[in-house]
Amino acid sequence: MNRRALAALAVVALVASAGCVGPLTGDQQPAESRNATVVGAVDGDTVDVRFADGTKERVRLLGVDTPEVHADVSAGEFEGVPNTEAGRSCLRSWGERASGYATERLSGESVTVEFDAESDRRGGYDRLLAYVIVEDQSFNRALLANGYARLYDSDFTQRDNYAAIEQRARENGTGLWTCAS
């Protein structure tokens, strides 16, 4: 092996061992990821993390949307939920539950913040857009499966999988989908 090939191999090994490259996504593009500690949950789909280098970032969970707790709930965003006071009240309750679930499940936990090759790196309000992996499980997926969130329709590699998970939760009347009429 020549020097250039050895140098390239050494760089790949160094990057991988530093935790800068995560598992391969469905299209086999390396997904960048970073280890972090969750220092707080803003609401059900947004958390604050501290990376190993000490920097803090706000992370908006990619592909999911929980009912609002810091603003008015829009029932029209949740298919089948009536835009009535009862529908909005039900969603507010599930927004509070989603926030509690995020706080209970993530606060203080070591997680992997994984970026998606098809998604923007940052979204509105300059928040990172990412999957949060805790104990080798996607918290984003758990929100959908347990009925705490709906699919946030945007471009990301897990979109079709997330749509199927939401559909199952809706069909089973899981979580916030009990608000649907």
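The text that follows walks through the structure, step by step, so that each part is easy to find. From a predicted model like this one, the values you see are computed outputs, not experimental measurements.

Re the overall build of the protein chain
Looking only at helices and strands, the protein chain has four helices and nine strands in total. Ordered by position from the N terminus, the helices and strands of the protein chain form the series α-β-β-β-β-β-α-β-β-β-α-β-α. Taking all 181 residues of the protein chain together, the buried fraction comes to 39%. In the protein chain, 57% of the contacts between residues at least 6 apart in sequence involve partners at least 24 apart. When the accessible surface of the protein chain is totalled, it reaches about 9800 Å², and 47% of it is carbon and sulfur.

Describing the nonpolar core
One finds Val113 and Phe139 to be the most contacted residues of the largest nonpolar core, which totals 43 residues. Considering each element in turn, this core owes the most residues, seven residues, to strand 7 (residues 128-134). In contact with phenylalanine 139, other than residues within four places in its own chain, are Gly44, Leu61, Tyr101, Ala102, Arg105, Leu106, Val132 and Val134.

A word on the state of the cysteines
One pass over the structure, following the stated rule, counts one disulfide. Each sulfur of the disulfide joining cysteine 90 and cysteine 179 lies 1.9 Å from the other. Handedness here is read from the sign of the S-S torsion; for cysteine 90 and cysteine 179, about -80°, the answer is left-handed. Here the residue cysteine 90 occupies a position in helix 2 (residues 85-106), and cysteine 179 occupies one in the segment after helix 4 (159-172), the gap between them amounting to 89 residues.

Examining the environment of alanine 98
By the element assignment, alanine 98 lies in helix 2. If we skip the residues at most four places from it in the chain, alanine 98 touches Gly44, Thr66 and Tyr148.

What about the side chain of aspartate 43?
With respect to the element layout, aspartate 43 can be found in strand 2 (residues 30-43). Despite its burial, aspartate 43 pairs with no opposite charge; the closest candidate is arginine 127, at 5.9 Å N-O. Within polar-contact distance, the side chain of aspartate 43 engages the backbone nitrogen of aspartate 45 at 3.1 Å. A polar side-chain atom of aspartate 43 sits 3.0 Å from the main-chain amide nitrogen of threonine 46. Aside from chain neighbours lying at most four places away, what touches aspartate 43 is Val69, His70, Ser99 and Ala102.

Things to note about the pattern of salt bridges
Throughout the structure, instances matching the rule amount to 16 salt bridges. Note that glutamate 77 is salt-bridged to arginine 150, the shortest N-O span being 3.9 Å. Separated by 73 residues along the polypeptide, glutamate 77 in the loop between strand 5 (64-65) and helix 2 and arginine 150 in strand 9 (residues 150-151) bring together distant segments of the chain. Given the relative accessible area of 39%, glutamate 77 is considered partly exposed. For arginine 150, a relative accessible area of 14% corresponds to the buried category. Among the ionic pairs, arginine 92 bridges to glutamate 85, the shortest N-O distance being 2.5 Å. Of the residues examined, glutamate 85 reaches a relative accessible area of 46% and is grouped as partly exposed. Linked through salt bridges whose partners overlap, the residues forming this network are Asp45, Arg60, Asp65, Glu77 and Arg150.

Focus on helix 4
In this model, helix 4 (14 residues) spans 20 Å end to end at C-alpha, consistent with the 20 Å of a helix rising 1.5 Å per residue. When helix 4 is considered as a whole, its buried residues turn out to be Tyr162, Ile165, Glu166 and Ala169. The arc enclosing the buried residues of helix 4, seen along the axis, measures out at 95°, which places them on a common side. Turned more than 90 degrees away from the buried face of helix 4, the exposed residues are Asp160 and Glu171. Here the buried face of helix 4 lies against strand 5, strand 7, strand 8 (137-138), helix 3 (139-145) and strand 9. Of the residues flanking the end of helix 4, it is glycine 173, one or two places downstream, whose phi is positive at about 65°.

Rules of the game
- Residues numbered from 1 in each chain as written.
- Predicted model: local features only at pLDDT ≥ 70, side-chain atom pairs only at ≥ 80, totals over all residues.
- Heavy atoms only, no water.
- Helix = DSSP H or I, 4+ residues; strand = E, 2+ residues; numbered from the N terminus.
- Buried < 20%, exposed > 50% of the residue type's maximum accessible area, 1.4 Å probe, protein only.
- Contact = heavy atoms within 4.5 Å.
- Areas by Shrake-Rupley, 256 points an atom, 1.4 Å probe, with all protein chains shown as cover.
- Core = buried A, V, L, I, M, F, W, Y, C linked by side-chain atoms within 4.5 Å.
- Disulfide = S-S within 2.5 Å.
- Lys, Arg positive; Asp, Glu negative; His and termini not counted.
- Salt bridge = Lys/Arg side-chain N within 4 Å of Asp/Glu carboxyl O.
- Polar contact = N/O pair within 3.5 Å; in protein donor to acceptor, adjacent residues only side chain to side chain.
- Expected span 1.5 Å × (residues − 1).
- Arc of directions from axis to C-beta.

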